[in-house]
Amino acid sequence: MDTQLKKGVLEMCILYQLREQEAYGYEIMKLIKDIFPEVYDGSIYAILRRLNAEGFTEAYMRESQNGPPRKYYRITNEGHEYLKNSISEWRVLVNGVQRLGI
Amino acid sequence: VVFLNRAEFLRELRENLRGRVNDKTLEDIVYDYNEHFDAGLRDGKSEQEVSNELGSPARIAREVLAEGPTKEPIQPGLDIAPLGPRVVAFTIDALISSLPMIFVTKAVNVGILAPLFPLMALQYPVRVVAPNTVLTWTDLAPGILSILFFVLYQPVCMSLWQGRTIGKRLMGLKVIRKNGQQLTPGFSLFRELLGRSVVNVVSFGFSSIISFLWALFSPERRTIHDEVGGTRVVVDHGYTA
């Protein structure tokens, strides 16, 4: 997680996952680790904090059947909007790179 | 590589964040990682495994701080007070609260003795009365009143000024409840009478020193009287803050 690009990509992936269903930190971390095993678990929370601060996600406490209440994250309307833009920017980027033959 | 357990990890994280974010944000961040440990343990991992996968607390602190700006404004009145000014405030208050005892006993060392070893100091006002005399309330009154003033000065100040004494006001500090709410007279009495006076007497005065060391290692710089009273000391940003 050293570059802005990587951060942006992780943000997009997290928002994309949350679009499907609300999740708590550990779940999100596991999903991300599945695709990017080299990412430090600790970094995910830093990104979640930023997404929250920007208003793209919101956190709330939810009781769980087996265990203590957990902090769940859900995507906001602004988050959906931001995700849409991120995805189209990403596609432009990937297309450009592919046209070079990379 | 040494893998930290949960307590060590969270302590290091706090240390790396302290003074760089406000208290609420700090607790919020620590909460996330504490919950992560809970979930990891449920997932069958050991504390060391979880902390290893999290990465170093220093790195996390760097990343969290770099991710700013958080939209949480700095809350006035919630910065942990450093121990230096607290010791100065303590000394000022100790001197003020001992003044009547010094006056009654004409023994200046009571001023030094009383705050640290009240058990020894409290005998002074009583000793003033000559032995083998029939004691009257008039003889005892100055001594008793000076002891009462010594014991009640701090809780009365704190009740009148929402957690402030003269020393704390001069140093810009105040006592609040652990949960961040304003100090009530009940909490200040509990903190000062039980947490300070009684504990001090029971420990033969050593609680003052232990208290200082305790606070050195406490993330929120809480002393023994803070622990007993359910309080903490913060930088005072305003009279009503």
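Residues numbered from 1 in each chain as written. Chains lettered and ligands numbered in written order. Predicted model: local features only at pLDDT ≥ 70, side-chain atom pairs only at ≥ 80, totals over all residues. Heavy atoms only, no water.

**As for the sheet that holds strand β3 (residues 70-75) of chain A**
All names here are of chain A.
So, step 1. A sheet is described by the order of its strands in space; here 3 strands give the open sequence β1-β3-β2, paired in antiparallel fashion. Looking at which strands have only one partner, the edges of the open sheet turn out to be β1 (23-24) and β2 (57-62).
So, step 2. Here β2 pairs with β3 via 6 bridges, running antiparallel. Counted as the bridge partner of M61 is K71 from β3.
So, step 3. Helix α3 (residues 41-54) rests against β2 and β3 of the sheet, and its axis sits at about 110° to β2. (Pairing = 2+ DSSP bridges. Helix = DSSP H or I, 4+ residues; strand = E, 2+ residues; numbered from the N terminus. Contact = heavy atoms within 4.5 Å. Axes fitted to C-alpha atoms, helices over the stretch in contact; angles between N-to-C directions.)

**Some points on the interface of chain B and chain A**
So, step 1. Across the boundary between the two partners, chain B contributes 25 residues, which contact 26 residues of chain A.
So, step 2. The contact between chain B and chain A buries some 2,300 Å² in all, and 46% of this surface belongs to carbon and sulfur atoms.
So, step 3. Our count for the contact surface shared by chain B and chain A stands at 4 salt bridges.
So, step 4. The salt bridge partner of D28(B) is K71(A), with a shortest N-O separation of 4.0 Å. (Buried area = accessible area lost by both parts, 1.4 Å probe. Salt bridge = Lys/Arg side-chain N within 4 Å of Asp/Glu carboxyl O.)

**Some points on the packing of aromatic side chains**
So, step 1. For the structure shown, the criterion picks out 7 aromatic pairs over all chains.
So, step 2. On the numbers, 5.4 Å between centres and 65° between planes, the contact of F9(B) with F37(B) is edge-to-face. In this pair, F9(B) sits in helix α1 (residues 6-17) while F37(B) sits in helix α2 (residues 23-42), placing the two residues 28 residues apart along the sequence.
So, step 3. Judged by relative accessible area, F37(B) falls into the buried class, the value being 0%.
So, step 4. Feature note: the residues Y45(A), F9(B), Y33(B) and F37(B) constitute an aromatic cluster, connected by ring pairs.
So, step 5. Over the ring of Y72(A) we find R62(A); its NZ or CZ atom is 4.0 Å from the centre of that ring.
So, step 6. The lysine or arginine in question, R70(A), covers the ring of Y24(A), its NZ or CZ lying 4.3 Å from the ring centre. (Phe/Tyr/Trp six-rings, centres within 6.5 Å; stacked < 30°, edge-to-face > 60°. Buried < 20%, exposed > 50% of the residue type's maximum accessible area, 1.4 Å probe, protein only. Lys NZ or Arg CZ within 6 Å of the ring centre and 35° of its normal.)

**Concerning the confidence of the model for chain A**
So, step 1. The predicted model of chain A averages 88 in pLDDT, with 98% of residues at 70 or higher.
So, step 2. When mean pLDDT is compared element by element in chain A, helix α4 (residues 77-99) of chain A scores highest at 93, while α3(A) scores lowest at 88. (pLDDT = per-residue confidence, 0-100.)

**Focus on the packing of α2(B) against helix α3 (residues 47-54) of chain B**
Residues and elements named next belong to chain B.
So, step 1. Between α2 and α3, whose axes approach to 9 Å, the crossing angle comes to 130°. Comparing the axis directions of α2 and α3 gives the class oblique. Every pair of crossing elements has a handedness; the one defined by α2 and α3 is right-handed. Where α2 abuts α3, its residues Y33, H36, F37, G40 and L41 lie against E47, V50, S51 and L54.
So, step 2. Partitioning the contact of α2 with α3 into residue classes produces 5 nonpolar, 3 polar and 1 charged. (Parallel < 35°, antiparallel > 145°, perpendicular 65-115°, else oblique. Left-handed = near helix turned anticlockwise from the far one by under 90°. Nonpolar A, V, L, I, M, F, W, Y, C, P; charged D, E, K, R; others polar.)

**Structural notes on helix α5 (residues 83-105) of chain B**
Residue and element names in this part refer to chain B.
So, step 1. Over its 23 residues, α5 extends 32 Å from the first C-alpha to the last, a length consistent with the 33 Å expected when each residue adds 1.5 Å.
So, step 2. Maximum bend of α5: about 45°, positioned at S98, with proline P100 one to four residues after it.
So, step 3. Of all the positions in α5, only L83, R86, A89, D93, A94, S97, S98, M101, I102, V104 and T105 are classed as buried.
So, step 4. A positive backbone phi angle near 55° is found at K106, which sits one or two residues after α5. (Expected span 1.5 Å × (residues − 1). Bend = angle between axes of the 7 residues up to and from the residue.)

**Regarding the pairing of β3(A)**
Residues and elements named next belong to chain A.
So, step 1. Burial analysis of β3 places 5 of its 6 residues in the buried class, the great majority of the element.
So, step 2. For β1 and β3, the ladder comprises 2 bridges, and the chain directions are antiparallel. Bridge assignment links Y24 to a residue of β3, and that residue is Y72.

**Side note on unusual backbone geometry**
Residue and element names in this part refer to chain B.
So, step 1. In this structure, Q162 takes a positive phi of about 50° despite not being glycine.
So, step 2. Structurally, Q162 is set in the loop between α9 (137-160) and α10 (166-171).
So, step 3. At R221, a residue that is not glycine, the phi angle is positive and equals roughly 55°.
So, step 4. Its location among the elements puts R221 in the loop between α12 (207-217) and α13 (224-229).

**A look at the layout of surface pockets**
So, step 1. Roughly 610 Å³ of internal volume is contained in the largest pocket.
So, step 2. In terms of lining, the largest pocket is formed by 34 residues, of which the most central are F90(B), P115(B), R196(B), S208(B) and H225(B).
So, step 3. Listing elements by their share of the lining of the largest pocket, those giving two or more residues are α5, α6 (109-116), α9, α11 (185-202), α12 and α13 of chain B.
So, step 4. In terms of residues, the lining of the largest pocket owes the most to one element, α5(B), which gives 8 residues.
So, step 5. Residues of the lining of the largest pocket, tallied by class, amount to 18 nonpolar, 10 polar and 6 charged.
So, step 6. Considered as a void within the structure, the second largest pocket measures approximately 250 Å³ in volume.
So, step 7. Together, Q4(A), L5(A), G8(A), V9(A), E11(A), M12(A), Y82(A), N85(A), S86(A), E89(A), W90(A) and L93(A) line the second largest pocket. (1 Å grid on protein atoms, 1.4 Å probe; cavity = no way out; pocket = protein on both sides within 12 Å on 5 of 7 lines; lining within 4 Å. Points joined across faces, edges and corners; volume = space filled by probe spheres on them.)

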